[in-house]
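Read off the chains here:
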Amino acid sequence: MAQAEPVRVQRQGRDVAIVMSPEEFRRMADAQRGKINPAVERLHGESARRWASVYEALAK
């Protein structure tokens, strides 16, 4: 189940642990360290180049 989504482990109705896939843990850890998904970085760069004149006009 943890491969598809995080699984809560409860004791007396309270969460005591969350079990998740290694991939999901890595994604969360990278996000916490500020590491950005390469696809997001690429799209941001493309947007910045495409709309550079608009960004410059707005900055004035």
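Residues numbered from 1 in each chain as written. Predicted model: local features only at pLDDT ≥ 70, side-chain atom pairs only at ≥ 80, totals over all residues. Heavy atoms only, no water.

Examining the pattern of salt bridges
Selection rule: Think of a salt bridge as a Lys or Arg side-chain nitrogen and an Asp or Glu carboxyl oxygen that are within 4 Å of each other. Each residue's exposure class comes from its accessible area (1.4 Å probe, protein chains only) as a fraction of the maximum for that residue type: buried when under 20%, exposed when over 50%, partly exposed otherwise. Numbering of helices and strands starts at the N terminus; helices are DSSP runs of H or I of at least 4 residues and strands are runs of E of at least 2.
One pass over the full model with this rule turns up four salt bridges. With a shortest N-O distance of 2.5 Å, Asp30 and Arg33 are connected by a salt bridge. The buried category is assigned to Asp30, whose relative accessible area is 18%. Its salt-bridge partner being Glu46, residue Arg42 comes within 3.1 Å of it at the nearest N-O pair. With Arg42 and Glu46 both in helix H2 (residues 38-50), this residue pair falls four residues apart, about one helical turn. Taking relative accessible area as the criterion, Arg42 reaches 48% and is therefore assigned partly exposed. A relative accessible area of 36% means that Glu46 is categorised as partly exposed.

Some words on the environment of Ile18
Our working rule: Should any heavy atoms of two residues lie within 4.5 Å, those residues are considered in contact.
Mapping Ile18 onto the fold places it in strand E2 (residues 14-19). Among the residues examined, Ile18 registers a relative accessible area of 44% and is labelled partly exposed. Residues Ile18 and His44, 26 residues apart in the sequence, show an inter-C-alpha distance of 33 Å. Those residues in contact with Ile18 that lie beyond four places of it in its chain are Pro6, Val7 and Arg8.

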